[in-house]
Amino acid sequence: MNTVRTTDEETVGEETVGAQQIAVVTGAGSGIGRAVAVELLTAGWSVALAGRRPEPLAETAAAAPAGSGTALTVRADVSRPEEVAALFAAVRDHFGRLDLLFNNAGTFGPGGVPVEELPYEAWRHVVDTNLNGAFLCAQAAYRQMKEQTPQGGRIINNGSISAHTPRPHSVAYTATKHALTGLTKSLSLDGRPYGIAVGQIDIGNAATDMTARMGTGALQANGETAPEPVMDVADVARTVRHMAELPLEANVQFATVMATAMPYVGRG
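Here is a short report on the structure shown in this document. All of these numbers come straight from a predicted model, not from anything done at the bench.

**Let's talk about the side chain of N158**
Then comes step 1: As for its position among the elements, N158 is in strand β6 (residues 153-158).
Then comes step 2: Exposure remark for N158: the relative accessible area of 7% places this residue in the buried category.
Then comes step 3: In this structure the side chain of N158 is engaged in a polar contact, spanning 2.8 Å, whose partner is the side chain of N104.
Then comes step 4: Excluding residues that lie within four positions of it along the chain, N158 makes contacts with I32, F102, N103, N104, K177, L180, I201 and I203.

**Regarding the packing of aromatic side chains**
Then comes step 1: In total, this model carries two aromatic pairs according to the counting rule given.
Then comes step 2: Each ring, one from F108 and one from Y173, has its centre 4.7 Å from the other, and the planes form 40 degrees; the classification is tilted. With a gap of 65 residues between them, F108 in the loop between β5 (100-103) and α4 (120-147) and Y173 in helix α5 (residues 171-191) connect regions that are remote in the sequence.
Then comes step 3: Residue F108 is classed as buried on the basis of its relative accessible area of 19%.

**Things to note about the environment of M243**
Then comes step 1: Position of M243 among the secondary structure elements: in helix α6 (residues 233-244).
Then comes step 2: Sequence separation between M243 and T149 is 94 residues; the distance between their C-alpha atoms is 22 Å.
Then comes step 3: If near-sequence neighbours (up to four positions away) are discounted, M243 is found in contact with R154, I156, Q200, I201, V252 and A255.

**Focus: the packing of α4 against α5**
Then comes step 1: The N-to-C vectors of α4 and α5 enclose an angle of 15 degrees; their axes lie 9 Å apart at closest approach. Between α4 and α5, the angle falls in the class roughly parallel. Between α4 and α5 lies a crossing whose hand is right-handed. For the pair α4 and α5, the contacting residues are W123, V126, V127, N130, L131, A134, F135, A138 and Y142 in the first and V171, A172, Y173, A175, T176, K177, A179, L180, L183, L187, D190 and G191 in the second.
Then comes step 2: Among the residues forming the contact of α4 with α5, the class breakdown is 16 nonpolar, three polar and two charged.

**Some remarks on the nonpolar core**
Then comes step 1: Counting 35 residues, the largest nonpolar core has V47, I201 and V236 as its most contacted members.
Then comes step 2: Every residue in contact with V47, bar those within four places of it in the chain, is listed here: A23, V25, A37, L40, L41, T70, A71 and L72.
Then comes step 3: A50, F88, A134 and L183 belong to the second-largest nonpolar core, a separate cluster that totals 31 residues.

**A short note on helix α3 (residues 81-95)**
Then comes step 1: For α3, which comprises 15 residues, the first-to-last C-alpha distance of 21 Å matches the rise-based estimate of 21 Å (1.5 Å per residue) to within 8%.
Then comes step 2: Within α3, the full set of buried residues consists of E83, V84, L87, F88, A89, A90, V91, H94 and F95.
Then comes step 3: Looking one or two residues past α3, G96 carries a phi angle of roughly 90 degrees, positive in sign.

**Digging into the pairing of strand β10 (residues 254-258)**
Then comes step 1: Side-chain alternation along β10 places A255 and V257 on a buried face and F254, T256 and M258 on a face that remains uncovered.
Then comes step 2: Pairing between strand β7 (residues 196-204) and β10: five bridges, direction parallel. By the bridge assignment for β10, G204 is matched with M258.

What counts and what doesn't
Residues numbered from 1 in each chain as written. Predicted model: local features only at pLDDT ≥ 70, side-chain atom pairs only at ≥ 80, totals over all residues. Heavy atoms only, no water. Helix = DSSP H or I, 4+ residues; strand = E, 2+ residues; numbered from the N terminus. Buried < 20%, exposed > 50% of the residue type's maximum accessible area, 1.4 Å probe, protein only. Polar contact = N/O pair within 3.5 Å; in protein donor to acceptor, adjacent residues only side chain to side chain. Contact = heavy atoms within 4.5 Å. Phe/Tyr/Trp six-rings, centres within 6.5 Å; stacked < 30°, edge-to-face > 60°. Axes fitted to C-alpha atoms, helices over the stretch in contact; angles between N-to-C directions. Parallel < 35°, antiparallel > 145°, perpendicular 65-115°, else oblique. Left-handed = near helix turned anticlockwise from the far one by under 90°. Nonpolar A, V, L, I, M, F, W, Y, C, P; charged D, E, K, R; others polar. Core = buried A, V, L, I, M, F, W, Y, C linked by side-chain atoms within 4.5 Å. Expected span 1.5 Å × (residues − 1). Pairing = 2+ DSSP bridges.

Structure, rendered in structure tokens:
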């Protein structure tokens, strides 16, 4: 079920929300997705919060301060084409247009599993979520941005430091994040005639539930386990907002935001 939280200034229902900017954030129920969604809501954006579990989405909507933009929660599994179609139909029906997709939903998969022991089902789950899900959402956003008036919009894909440099025992995650870079480049090229700007943010060690283990110890390339520095996830959210609020004539093609001292350059 979709739920809505609005301020007094917004319209509700199947109307366009004035001149407000409209965003979709996938994986909005926790971590980076929640931080970015709250940052955009606080800045006055209207945001469709997408994720598999309704309760965390409602918590994200409630985390934005009073007077923020409109939050529309939509339960959606991005690996399922029919649910992605329903998500973007709900956004179109409720808000009338789409200005931004933050393609964020993703999973690391089973941690610490050597490639020779990784079950195919686990590989497939990571590929379906991280790559196929990103494609399905980008495709739906692209179609809407191409057809709407005024034409255009922006897609920001959540890559990763692993889009450049892998961690040990991360073959599925790393493969999908490298593939996401190719998706970003291709979408960026194909979107030019329609005013669709596409960029990617590669994030390293933002403090979320997913990275909690970094503080106690993460497997390094030399086989040792060592704690790693983390950064405030709010710094990621502010970077995404900066990318999102550029005029469509400007684009951050690739941005890397990371904990300064984490192992990345010469990782391990």
